[in-house]
Amino acid sequence: MTQVRTVLGDVRPHDLGVCDAHDHLFLRSPQLPGQELDDARAARAELAAFRAAGGAAVVQWTPHGMGRRAADLPALSRATGVRIVCATGLHQAAHYDAESLDRLRGGGLAGLFVSELTEGIGTTGVRAGLIKVAGGFHGLDAHARWTMTAAAEAHHATGAPIAVHLELGTGALDVLDLLCGELGVPGDRVILGHLNRSPDPVTHRQAAASGCWLAFDGPSRAHHATDWRMPEALRDLAEAGFGDRLLLGGDTVVAGARSVDGGPGMPYLLRRVRPRLAEAVGADLVDRMLTEHPGRAFGTDWA
């Protein structure tokens, strides 16, 4: 039976509700000093604001070793009524210290992913519902190939979807060549994130032709130069026949981006992005992007 694995247990895809398909409640990285998402009260307030705007589910893409605070997620989900999907996986090497990476290389990365997907994250009992990995800028380095190979192995063992951070929206075709070509992951089990950061319609269509999911997320100060192109990009994909491969998210990665701290945050996806996209592609398709599509993308016949 196809189910989405949330921090409170598995649910049927159509029970997910209105879903922010790419966001973060907690996140820490040496690349973002002083901007950590590490406040449980702020996370609860942000979820409550998202719920008040009509949201029902959030997929947190924060992977292993980046402060995802898995133990806190069930209580936040119960308190706010928002379903939460948690990630395993590994980001780019720059987000970790060398000692941590050495330990992971010696311990079997795919096994860690499988354990967090099927048994639970540490002693929390919380099971991850996706694998998050990352590409590089217009290419894949040795670290990316290592993590994606482990992700593919974990996918084949569990059926879990693989979500990919594309650096500045680039490298989509290289990622698909590796995951779907060399490593045999079905296209519909791969979710490419940050496509709006490189609004190249040809590459978008080529990626969509693989059967993968294309996630558009934002807005953000860092990517303001391309955020405004998102309605056009989605319209181009819909007109090319790929409207059924699209996902939407907020991707809140720093404290100042939360709505409760003065940023757009999770509610902005529903408050402003949703009606703007409805003008570009129609309200019916946007509704499916927020409800039906996340259930299909993250729903899995778990092994």
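Please refer to the structure higher up on the page.
Here's a quick rundown of the structure. (Residues numbered from 1 in each chain as written. Predicted model: local features only at pLDDT ≥ 70, side-chain atom pairs only at ≥ 80, totals over all residues. Heavy atoms only, no water.)

**What to know about the packing of helix α6 (residues 172-182) against helix α7 (residues 201-208)**
Consideration 1: Where α6 meets α7, the axes come as close as 9 Å, and the angle between the chain directions of the two elements is 15°. With respect to their mutual orientation, α6 and α7 come out roughly parallel. Between α6 and α7 the crossing geometry is left-handed. Here α6 contributes A172, L173 and L176 to the contact with α7, which in turn contributes T203, Q206 and A207.
Consideration 2: Taken together, the residues of the contact of α6 with α7 break down into four nonpolar, two polar and no charged. (Axes fitted to C-alpha atoms, helices over the stretch in contact; angles between N-to-C directions. Helix = DSSP H or I, 4+ residues; strand = E, 2+ residues; numbered from the N terminus. Parallel < 35°, antiparallel > 145°, perpendicular 65-115°, else oblique. Left-handed = near helix turned anticlockwise from the far one by under 90°. Contact = heavy atoms within 4.5 Å. Nonpolar A, V, L, I, M, F, W, Y, C, P; charged D, E, K, R; others polar.)

**Brief notes about the state of the cysteines**
Consideration 1: All told, the structure shown has zero disulfides when counted by the stated rule.
Consideration 2: Sulfur of C86: no disulfide; nearest cysteine sulfur belongs to C19 and is 14 Å away.
Consideration 3: Judged by its relative accessible area of 0%, C86 falls in the buried class.
Consideration 4: In this structure C180 is a free cysteine whose sulfur lies 6.9 Å from that of C212, the closest cysteine sulfur available. (Disulfide = S-S within 2.5 Å. Buried < 20%, exposed > 50% of the residue type's maximum accessible area, 1.4 Å probe, protein only.)

**Re the side chain of H223**
Consideration 1: You can see H223 is positioned in the loop between β10 (213-217) and α8 (224-227).
Consideration 2: Only 3.2 Å separates the side chain of H223 from the side chain of R197, close enough to count as a polar contact.
Consideration 3: Not counting residues within four places of it along the chain, the set of residues in contact with H223 comprises L168 and R197. (Polar contact = N/O pair within 3.5 Å; in protein donor to acceptor, adjacent residues only side chain to side chain.)

**Concerning the sheet that holds strand β3 (residues 19-23)**
Consideration 1: If you walk across this open sheet you meet the three strands as β3-β4-β5, and the pairing is parallel. Edge positions in the open sheet fall to β3 and β5 (83-85), since each of these has one partner strand only. Averaged over all pairs of adjacent strands, the angle between strand axes in this sheet comes to 20°, irrespective of strand direction.
Consideration 2: Pairing analysis gives three bridges linking strand β4 (residues 57-60) to β5, with the strands arranged parallel. Bridged to V58 within β5 is I84. (Pairing = 2+ DSSP bridges.)

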